[in-house]
Amino acid sequence: MSWRYLAATMLSLFAILMSACGHTGEESLSTDGLPDLRGHHLVVYSAMRDEVGRSVLELFQEKTGCTYDYIYLPTQAMLGRIYREKDHPQADIMMGGATHAQLSAAEHRLTSVVFVSGADTIPEQFRSNENRWFGIASTPLAVVVNQERWNKEFAPRGKTMPASYEDLLDPDYRGEIAFADPNAAGTSYTLLAYIMQHYVDPTMFYTALKQNIGMSSYNGFEAVQRVASGQCLLGVGFLDDARSLESSGFPIRAIVPEECAWTLDAVSKVNRAQHPREAEAFLKFCMLEETQEVLNRIAFSSATHPQAMTEIDREMMSHYGEIDFRRAAREQDTILNNWNTISSAE
């Protein structure tokens with residue numbers, strides 16, 4: 001066997017092995033310009049409903065080949081875990097949760113500055129001016145009512161269905177409100193922060209609300225589920241959660257107050273992420289019109305991509321009140337200390 005033949009044979013075998021086993025990542029499996037990430041991995045901490053977050057990641061895997069670990073945590077718990085792990089990050093992506101958590105993570109430099117292709121299509125009010133987080137969906141904070149119980153127990157008395165957050169303070173609702181623990185859940189913290197910014201005496205509001213709470217929960221979706229099941233008459237929850245249960249046939253009605261509190265589900269790359277390239281590809285994927293259309297069809301929320309927004313989205317956003325998310329992040333300890341020191345018996 002000549003050395004030329006041997007060399008040619010070795011080169012051929014090398015080319016075959018590289019073709020079969022190696023992916024440079026420069027190729028693309030889709031027409032969206034996303035990289036080929038077969039053999040790569042991504043770890044995501046998410047405060048979005050499980051079926052929503054997993055659906056998004058399944059689509060990302062379909063488009064790129066990237067596998068993933070998905071860990072659900074309520075907003076406050078997610079933020080706390082990211083903070084505790086800051087020296088040795090375990091997650092690559094922080095996804096969803098109340099907006100103040102993304103701002104808090106950004107201010108503490110727990111997330112990275114990333115220049116994401118397509119991010120400039122998202123309106124400025126829905127993304128970080130430092131390019132640390134990017135909004136993918138928004139939803140208002142609603143008052144949720146069990147329609148069957150209301151019709152049987154309160155409508156015959158001529159009671160008017162609650163139309164504002166203040167209506168939840170009515171003594172007639174003592175023990176009838178489902179409310180998630182704001183120390184863990186961004187849903188309830190969003191209400192407390194909104195009240196802090198809009199009321200002269202927020203402590204009075206907190207005290208009256210706490211007296212009416214019948215059941216507490218670890219996350220906001222669970223509180224809405226308790227209303228849907230009839231365990232509680234009323235609750236506070238994001239509209240997308242209520243719509244998801246309504247679509248499944250539960251007798252739940254969601255009422256969005258005028259000038260309501262609201263939140264923005266956003267995504268960000270964890271600082272010092274172990275899989276930075278995969279994380280940045282995921283952020284790019286989240287900016288796509290198709291991704292947001294799929295996401296918001298499943299989530300029952302409103303898109304932030306202008307081409308994915310519907311007229312219903314725009315109408316809903318017209319109800320959003322003013323809320324300073326940066327202030328909400330800054331005042332978190334004060335607000336929670338205030339809430340925690342109030343006795344439900346007061």
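So, here is what we can say about the structure in this document. (Residues numbered from 1 in each chain as written. Predicted model: local features only at pLDDT ≥ 70, side-chain atom pairs only at ≥ 80, totals over all residues. Heavy atoms only, no water.)

Quick notes on the overall build of the protein chain
Link 1 in the chain: Helices and strands together make up the secondary structure of the protein chain, namely 14 helices and 10 strands.
Link 2 in the chain: Seen through its C-alpha atoms, the protein chain measures out along the principal axes to roughly 100 × 40 × 30 Å.
Link 3 in the chain: Counting all 346 residues of the protein chain, 55% fall into the buried class.
Link 4 in the chain: The contacts of the protein chain with a sequence gap of at least 6 include a subset with a gap of at least 24, amounting to 75%.
Link 5 in the chain: Across the protein chain, the centroid of the 29 positively charged side chains sits 4 Å from that of the 45 negatively charged ones. (Helix = DSSP H or I, 4+ residues; strand = E, 2+ residues; numbered from the N terminus. Buried < 20%, exposed > 50% of the residue type's maximum accessible area, 1.4 Å probe, protein only. Contact = heavy atoms within 4.5 Å. Lys, Arg positive; Asp, Glu negative; His and termini not counted. Charge placed at Lys NZ, Arg CZ, Asp CG, Glu CD.)

A closer look at unusual backbone geometry
Link 1 in the chain: Despite not being glycine, Asn 131 shows a phi value in the positive range, around 60°.
Link 2 in the chain: Following the sequence through the fold, Asn 131 ends up in the loop between α4 (99-107) and β4 (134-146).

Structural notes on the side chain of Arg 132
Link 1 in the chain: Assignment of secondary structure puts Arg 132 in the loop between α4 and β4.
Link 2 in the chain: Classification of Arg 132 as buried rests on a relative accessible area of 10%.
Link 3 in the chain: At a separation of 3.2 Å, a polar atom in the side chain of Arg 132 contacts the side chain of Glu 130. (Polar contact = N/O pair within 3.5 Å; in protein donor to acceptor, adjacent residues only side chain to side chain.)

Examining the environment of Arg 253
Link 1 in the chain: Of note, Arg 253 is situated in strand β8 (residues 252-255).
Link 2 in the chain: Using a relative accessible area of 42% as the deciding quantity, one classes Arg 253 as partly exposed.
Link 3 in the chain: For the pair Arg 253 and Thr 121, spaced 132 residues apart in sequence, the C-alpha to C-alpha distance is 34 Å.
Link 4 in the chain: What Arg 253 contacts, discounting residues up to four positions off in sequence, is Val 143, Val 144, Val 145, Gln 147 and Met 161.

Observations concerning empty space enclosed by the protein
Link 1 in the chain: With the rule as written, the count across this model stands at one cavity of 30 Å³ or more.
Link 2 in the chain: The space that makes up the largest cavity amounts to roughly 40 Å³.
Link 3 in the chain: Lining of the largest cavity is provided by Ala 98, Thr 99, His 100, Tyr 189, Thr 190, Ala 193, Ile 323, Phe 325 and Ala 328.
Link 4 in the chain: Listed by contribution, the elements that provide at least two residues to the lining of the largest cavity are α4, α6 (186-198) and α13 (325-330).
Link 5 in the chain: Among the elements that line the lining of the largest cavity, the one with the most residues is α6, at three residues. (1 Å grid on protein atoms, 1.4 Å probe; cavity = no way out; pocket = protein on both sides within 12 Å on 5 of 7 lines; lining within 4 Å. Points joined across faces, edges and corners; volume = space filled by probe spheres on them.)

Re the packing of helix α8 (residues 220-228) against helix α9 (residues 239-246)
Angle between the axes and distance between the axes are the two parameters that describe a pair of packed helices.
Link 1 in the chain: Remark: α8 packs on α9, axes separated minimally by 10 Å, with the N-to-C direction vectors making an angle of 40°. The angle between α8 and α9 places the two elements in the oblique class. The way α8 lies across α9 gives a crossing that is right-handed. Side by side, α8 and α9 meet where Gly 220, Phe 221, Val 224, Gln 225 and Ala 228 of the first sit next to Asp 241, Ala 242, Ser 244 and Leu 245 of the second. (Axes fitted to C-alpha atoms, helices over the stretch in contact; angles between N-to-C directions. Parallel < 35°, antiparallel > 145°, perpendicular 65-115°, else oblique. Left-handed = near helix turned anticlockwise from the far one by under 90°.)

A short note on the pattern of salt bridges
Link 1 in the chain: All told, the structure shown has 19 salt bridges when counted by the stated rule.
Link 2 in the chain: Across the salt bridge formed by Arg 49 and Asp 241, the nearest N and O atoms sit 2.9 Å from each other. Note that Arg 49 is positioned in the loop between β1 (41-46) and α2 (50-64) and Asp 241 in helix α9, a separation of 192 residues in sequence. Taken as a pair, Arg 49 and Asp 241 share a single burial class, namely buried.
Link 3 in the chain: A single salt-bridge network, built from bridges that share partners, covers Arg 49, Glu 51, Asp 240 and Asp 241. (Salt bridge = Lys/Arg side-chain N within 4 Å of Asp/Glu carboxyl O.)

Quick word on the packing of aromatic side chains
Link 1 in the chain: Going through the model one piece at a time under the given rule, you end up with 13 aromatic pairs.
Link 2 in the chain: Pairing Tyr 206 with Trp 339 gives two aromatic rings, centres 6.0 Å apart and planes at 75°, and the pair type is edge-to-face. In this pair, Tyr 206 sits in helix α7 (residues 202-212) while Trp 339 sits in helix α14 (residues 332-341), placing the two residues 133 residues apart along the sequence. Assigned by exposure class, Tyr 206 and Trp 339 land together as buried.
Link 3 in the chain: Relative to Tyr 320, the ring of Trp 262 lies with its centre 4.7 Å away and its plane at 10°, an arrangement referred to as stacked. With Trp 262 in strand β9 (residues 262-269) and Tyr 320 in the loop between α12 (311-317) and α13, this residue pair connects regions lying 58 residues apart in the sequence.
Link 4 in the chain: Pairwise contacts between aromatic rings join Phe 126, Trp 262, Tyr 320 and Phe 325 into one cluster.
Link 5 in the chain: The ring of Tyr 83 has Lys 86 sitting right over it, with the charged end atom 4.3 Å from the ring centre.
Link 6 in the chain: Lys 159 extends its terminal NZ or CZ atom over the ring of Tyr 173, reaching a point 5.5 Å from the ring centre. (Phe/Tyr/Trp six-rings, centres within 6.5 Å; stacked < 30°, edge-to-face > 60°. Lys NZ or Arg CZ within 6 Å of the ring centre and 35° of its normal.)

Concerning the pairing of strand β2 (residues 67-72)
Link 1 in the chain: Bridge count for β1 against β2 is six bridges, and the pairing is parallel. When the sheet's bridge partners are listed, His 41 is paired in β2 with Thr 67.
Link 2 in the chain: Where the polypeptide runs from β1 across α2 and back to β2, its parallel neighbour, the crossover connection is right-handed. (Pairing = 2+ DSSP bridges. Right-handed = clockwise from strand over helix to strand, strands pointing away.)

Details of the nonpolar core
Link 1 in the chain: Core analysis: the largest hydrophobic core is formed by 88 residues, its most contacted members being Leu 42 and Phe 282.
Link 2 in the chain: Look past the residues within four positions of Phe 282 in its chain and what remains in contact with it is Leu 42, Val 56, Leu 57, Phe 60, Ile 93, Met 95 and Val 267.
Link 3 in the chain: Listed in part, the 14 residues of the second largest apolar core include Val 43, Ala 77, Met 78 and Val 270. (Core = buried A, V, L, I, M, F, W, Y, C linked by side-chain atoms within 4.5 Å.)

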